[in-house]
Amino acid sequence: MRKQFIIVVGLLALLAACYKDKGNYEYNPPEEPLVTNLDTVYSVFVGDSLIIKPVIKYTDASKLSFDWKISVPDLTDDLNFKGPEVRTVFGLGANRYRAKLTITDNSNGMKYFHDFVVSGKTGFSQGTTVLSLDNGETILSFIKPDGTVQPDIYASTNMGEKLGGKPKQLIGLRHASIDPYHTTSYWVFTDEGEKGVQINSNTMKKIKNLTGNFFIPPATLAPGNFISTQMESMNGVINGKLYVGTTQTWNKNPLYNMFGLPAEGDYQLFDQAAFNSIMPYFLGYEKVRKQVVAFTNFGSPAYIGTGYQVVGSAFDPRSVGLDLLFFVQVNDGNCFAVGKDAAGTLKEIKFGVEFMGIILIKPEYIRNFAQPGLITPTTKWVNTPGEIFYFTSGSKIYRYNPTNEDFRQLTTDFGGKDVTMIKLIDGGNTMLAGTEGTLYHLDVSTGKFGDVIKKQTGIPGQTIDAVIRNDR
C-alpha cells in the first residue's frame, strides 16, 4: 500500500511539473543578415574593375564575416576574397563564372549563402557578326551595338590571313544548360571545305580549320549544311555523309565537338538533313536514289536507310523521285521538302514522323508547288515553328502558308537589290534579311509582313549570313 501511495504522489508531482512548464516553448530565430544591392549577374570587361558592394542590414555587423568565391574551371583553385565587398581588376577570360557570397554569423555559427554570376566580356560580347562575299572573297565583319562596322575583322585580328573560298554559312556555338547566354565560338564554312574555320568569339582569333576538327580527316571536304546544337556542338553533312560532333566529354576538352567517322552506309545525302533534338533518330534525303532515309541515334548515328515503317499512301517516301531544293523538319515533327521531278515540275511534299521504338513516317501529300515562277536558282528558305515559310525571289521575300497555299510578298523595299540571305530569330518573330551592303531586321510577328525594325549598313559586299550576340 505504501508503494502505491509513493507512485501516485510521484505521478502527481510529475504532472505538476509539466503544468508549470506549459507555454515555455516559444522559438526565437536568430537575426538574419538582410542583403540588398547584390545582383544576379555582374558583367565586366576583361581588364576593367570588378566592384561588388552589397548593402548589409544587421544589428551588429561586427559579428559577421564575408567570404567570396568565384569558381574558375580552367584553374586548379577558385578566386577567393574576404570582406564586405569585392574590388579587383578582372583578369579572367571572357566567360561566365559561378560565384558565391558566404556570410557567417560568428556569434552562433550560422552561414548564409548568396549565388550570382560574373560574366566576363570583350568588345565582341555584344553585336552582330556578319559573313559576306566581297569581290569573290569571304569576309567576316562585326557590327557594334552602336552600328559601327568593323569590316574584315578576321583578317585584322589574324595577321592578314584571309578566309578562303566562297562563304556558305556562319554558326555560333553555345551550351544551353552550362552557358545559356555565352557564345563560345563561331564556325565559318565555305565551298572550299578545308578552309572552314573555328573562331574564338571573344577575340576573333582563329582556333582551327575544319580539317583539324576530325580525329581522322577525309582526303577531301565538301561541306553541306550544319546546325548548332544546344550542347555547344554541331552536326552536318560533309561529302554526302552524316557527321555528329562528339559530346561524350567535358565541353572544355579540346576533343569536344570533334568529328569521328560518319554514319557508315551506302548513301549520298542532300546537303540539308533533319537533326532531331529530342528523339533518337535523324532523317536525310538520299539524292541518288531520291528517297527519304533514316538514322538511329543511340549515342552515335547509325544508318538504317529505308528501314522505317510507312503509315499512309499519299506518296512513297522510299521513292520520292525529286531533286531537292529545300528540306526541313519543323519542331522535331512534320517534314517539308521542295524539289523538281524528272519533268522539271516543282513539287512540294509533307510528311509526319513519330518514334515508337521504330521510326514511323506518315506521308501527307505530294503536290505541285503553287507558284513555281517565284523560285529562282538562288532562292533561300526559312521556316517558323508554326510551319510558316519564307523564301527569297530576287529582290523580294515571300511568306508562304502551305495550309491554304497562301503567298504574300513582304512589304520591305530592298531598293532593287537581290536578297542574299534570310534568317529567323526571336522564335520566328524577327527576320534578318541581307542584301549587298545591308542587314535588315524585319518584324514578321503575327499580323506583320516585314516592317523594318532597323537596318545596318556598311557591310562589305553581299550579306551571306549573320549571328547576333548579346551575352549577359
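Check the entry above for the structure.
Caption draft 1: Molecular detail of the packing of aromatic side chains. Tallying each qualifying case throughout the model produces 28 aromatic pairs. Summarising the aromatic geometry, the rings of Tyr267 and Tyr303 are spaced 4.5 Å apart at their centres and angled 25° between planes, so their arrangement reads as stacked. With Tyr267 in the loop between strand S19 (241-244) and strand S20 (274-275) and Tyr303 in strand S23 (residues 301-305), this residue pair connects regions lying 36 residues apart in the sequence. Residue Tyr267 is classed as buried on the basis of its relative accessible area, which comes to 1%. Taking the centre distance of 5.0 Å and the plane angle of 40° together, the rings of Trp381 and Phe391 count as tilted. Taken together, the residues span a long stretch of sequence, with Trp381 in strand S29 (residues 381-383) and Phe391 in strand S30 (residues 389-393) at a distance of 10 residues.

Caption draft 2: Summary view of unusual backbone geometry. Positioned with a positive phi, Glu232 is a non-glycine residue whose angle comes to about 60°. Tracing the sequence through the fold places Glu232 in the loop between strand S17 (223-228) and strand S18 (234-238). The phi dihedral of Lys290 falls on the positive side, at around 55°, and the residue is not glycine. Looking at the secondary structure, you find Lys290 in the loop between strand S21 (281-286) and strand S22 (291-297).

Caption draft 3: Region of the structure containing the pattern of salt bridges. The final tally for this structure, using the stated rule, is 20 salt bridges. Two residues, Lys82 and Asp67, come together in a salt bridge whose shortest N-O distance is 2.3 Å. Within this pair, whereas Lys82 is found in strand S6 (residues 79-82), its partner Asp67 is found in strand S5 (residues 64-70), the two being separated by 15 residues in sequence. Residue Glu354 is joined to Lys362 by a salt bridge in which the shortest nitrogen-to-oxygen separation is 2.6 Å.

Caption draft 4: Focus on the pairing of S22. Of all seven residues in S22, six are buried, a share of seventy percent or more. As consecutive antiparallel partners, S21 and S22 are separated by four residues, and within that stretch Lys290 has a phi angle of approximately 55°, a positive value. Here S22 runs beside S23; their pairing, made up of four bridges, is antiparallel. The residue bridging Ala294 from the neighbouring strand is Gly305, located in S23. Hairpin connection, S22 to S23: the antiparallel pair is bridged by three residues, and Gly299 has positive phi, about 100°.

Cut-offs applied
Residues numbered from 1 in each chain as written. Predicted model: local features only at pLDDT ≥ 70, side-chain atom pairs only at ≥ 80, totals over all residues. Heavy atoms only, no water. Phe/Tyr/Trp six-rings, centres within 6.5 Å; stacked < 30°, edge-to-face > 60°. Helix = DSSP H or I, 4+ residues; strand = E, 2+ residues; numbered from the N terminus. Buried < 20%, exposed > 50% of the residue type's maximum accessible area, 1.4 Å probe, protein only. Salt bridge = Lys/Arg side-chain N within 4 Å of Asp/Glu carboxyl O. Pairing = 2+ DSSP bridges.

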